[in-house]
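Take a look at the letters that make up each chain.
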Amino acid sequence: MYYGFDIGGSKIALGVYDTQRQLVWQHRVVHCRMIIRSCWRCWSS
């Protein structure tokens, strides 16, 4: 098994790959910085 991480500007992703490096499972979440920005925009308007 191989694991891959992608930490981008708006999302964090985790992928799990088999021995042939085919994607078996993935999960993405919104980066907390983006949540804070969205909440700040909502509160300040």
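Once a new chain begins, its residue numbering starts again from 1 and follows that chain's sequence as written. With pLDDT at 70 or above as the cut-off, local features in this predicted model cover only qualifying residues; side-chain atom pairs require 80 or more to be listed or tallied, and sums for whole chains, interfaces and linings still use all residues. Only hydrogens and water are set aside; all other atoms, that is, all heavy atoms of the structure, feed into the side-chain values.

## Focus on unusual backbone geometry
Stage number 1. Here the phi dihedral of Arg21 falls at roughly 60°; this positive angle occurs in a residue that is not glycine.
Stage number 2. When you line up the elements, Arg21 lands in the loop between strand 2 (11-17) and strand 3 (23-30). Only runs of H or I of at least four residues qualify as helices and only runs of E of at least two qualify as strands under DSSP, and these elements are numbered from the N terminus.

## Considerations on the pairing of strand 2
Stage number 1. The rule for pairing is simple: two strands pair if DSSP sees at least two bridges between them. Of the strand pairs in this sheet, strand 1 (residues 2-7) and strand 2 are connected by 6 bridges, and their pairing is antiparallel. Bridging from a neighbouring strand, Ile7 pairs with Ile12 of strand 2.
Stage number 2. Counted along the chain from strand 1 to the antiparallel partner strand 2, the turn is 3 residues long.
Stage number 3. Across 7 bridges, the pairing between strand 2 and strand 3 is antiparallel. Opposite Ile12, over in strand 3, you have Val29 as the bridge partner.
Stage number 4. Hairpin connection, strand 2 to strand 3: the antiparallel pair is bridged by 5 residues, and Arg21 has positive phi, about 60°.

## So, the sheet that holds strand 3
Stage number 1. Strand order in the open sheet made by the 3 strands is 1-2-3, with antiparallel pairing throughout. Strands at the two margins of the open sheet, each flanked by one partner only, are strand 1 and strand 3. Across the sheet, the axes of successive neighbouring strands diverge by a mean angle of 10°, strand direction being ignored. For helices, the fitted axis covers only the stretch in contact; all axes are lines through C-alpha atoms, and the angles between them, taken along N-to-C directions, range from 0 to 180 degrees.

## Structural notes on the environment of His31
Stage number 1. Topologically, His31 is positioned in the loop between strand 3 and helix 1 (32-44).
Stage number 2. Accessibility here uses a 1.4 Å probe with only protein chains present; expressed as a share of the type maximum, an area under 20% marks a residue as buried, one over 50% as exposed, and anything in between as partly exposed. Since its relative accessible area comes to 14%, His31 is described here as buried.
Stage number 3. With 24 residues separating them along the chain, His31 and Ile7 place their C-alpha atoms 8.4 Å apart.
Stage number 4. Contacts are residue-level and defined by heavy atoms, with any inter-residue pair within 4.5 Å sufficient. When residues no more than four places from it in sequence are discounted, the contact partners of His31 are Gly8, Gly9, Ser10, Lys11 and Ile12.

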